[in-house]
Amino acid sequence: MKTSARTALAPLDLCILISHETVSLLNTDAESLNTALQLRTGLDVFVAASELSRDAIPLLMWIDREVESAHQFTATEQDTPHLIDPDRLLPVPDAAAQLNTVWMLFQTAVKSTWDHRHVLLETARTLTEMGGLEDMLLSTHVPAV
């Protein structure tokens, strides 16, 4: 699909994508708890900056539940029921959607305090690395702000 035919991501879409990526990461990599917590913190900062607290609470709670499940699995080696079956999380959003998410994080970081800017930039970096978007990020035109 051509980029011009795409619908721009809304801030809540970004929250959904980060939540999906965070929970998918927790379910596929037992060593990823710190990265998942970093993504959760970045999402929390983005939610506050975008004034989406009420709309994003279920997504943050979903991540918190999966983080707790990961902690429990580490302690007991017993899996707990997941809110969404991990097999349903396998489809990865396309690179264009992931790249739009990174740009939205950059745009929000520019308007944020230094502490929040740092968290948002780290979240963007993590998503870029997870999605293998480094080359695409460097060769893509910056969307209109």
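Numbering of residues begins from 1 in every chain and follows the order in which that chain's sequence is written. A pLDDT threshold of at least 70 governs which residues receive local features in this predicted model, and a stricter bar of 80 or more applies before side-chain atom pairs are shown or counted, although totals over entire chains, interfaces and linings include all residues. Side-chain calculation: all heavy atoms of the structure are included, whereas hydrogens and water are not.

Chemist: Could you give an account of the nonpolar core, with specific residues and numbers?
Modeler: Formed by 32 residues in total, the largest nonpolar core has its most connected members in C15, L43, F46 and L105. Secondary structure elements with two or more residues in this core: α1 (11-28), α2 (33-49), α3 (53-76), α4 (95-110) and α5 (114-131). A contact between two residues is defined here by any heavy atoms of the two lying within 4.5 Å. Setting aside chain neighbours within four positions, we find F46 in contact with P11, L14, C15, L52, M104, L105, T108 and L120. Put simply, buried Ala, Val, Leu, Ile, Met, Phe, Trp, Tyr and Cys residues joined by side-chain atoms within 4.5 Å make one nonpolar core. When accessible area is computed with a 1.4 Å probe and restricted to protein chains, residues below 20% of their type maximum are described as buried, those above 50% as exposed, and intermediate ones as partly exposed. A run of H or I in DSSP becomes a helix once it reaches four residues, and a run of E becomes a strand once it reaches two; helices and strands are each numbered from the N terminus.

Chemist: Can you lay out the side chain of T101 for me, pointing to particular residues and giving the numbers?
Modeler: As for its position among the elements, T101 is in helix α4. In protein, a polar contact requires one atom able to donate a hydrogen and another able to accept it; more generally it is a pair of N or O atoms within 3.5 Å, and residues adjacent in sequence count only if both atoms are side-chain atoms. In this structure the side chain of T101 is engaged in a polar contact, spanning 3.0 Å, whose partner is the backbone oxygen of A97. With residues up to four places along the chain from it excluded, the contact list for T101 reads L9, L14, L17, I18 and L127.

Chemist: Give a description of the packing of α1 against α5 that names residues and reports values.
Modeler: The convention used is that axes are lines fitted to C-alpha atoms, helices contributing only their stretch in contact, and that angles between N-to-C directions extend from 0 to 180 degrees. For the pair α1 and α5, interaxial distance at closest approach is 12 Å and the crossing angle is 60°. The hand of the α1/α5 crossing is left-handed. Contacts between α1 and α5 involve I18, E21 and L25 from the first element and T123, L127 and M130 from the second. Only Asp, Glu, Lys and Arg are considered charged, only Ala, Val, Leu, Ile, Met, Phe, Trp, Tyr, Cys and Pro nonpolar, and every remaining residue, Gly among them, polar. The residue inventory of the contact of α1 with α5, partitioned by class, reads four nonpolar, one polar and one charged. Helix crossings are classified by the rotation of the near helix relative to the far one: an anticlockwise turn of less than a right angle makes the crossing left-handed, while a clockwise turn makes it right-handed.

Chemist: Tell me about the environment of H118, and name the residues and values.
Modeler: The residue H118 is located in helix α5 in this model. Taking C-alpha positions, H118 is 9.2 Å from G42, a pair spaced 76 residues apart along the chain.

Chemist: Could you give an account of the packing of aromatic side chains, naming the residues involved and the relevant values?
Modeler: Pairing of aromatic side chains here covers Phe, Tyr and the six-membered ring of Trp, requires ring centres within 6.5 Å, and sorts the geometry by plane angle: under 30 degrees stacked, over 60 edge-to-face, intermediate tilted. Applying the stated criterion to the full structure yields one aromatic pair. Centre to centre, the rings of W103 and F106 are 5.5 Å apart; their planes meet at 75°, and the pair counts as edge-to-face. Here F106 and W103 lie together in helix α4, a separation of three residues that amounts to about one turn. Exposure remark for F106: the relative accessible area of 25% places this residue in the partly exposed category.

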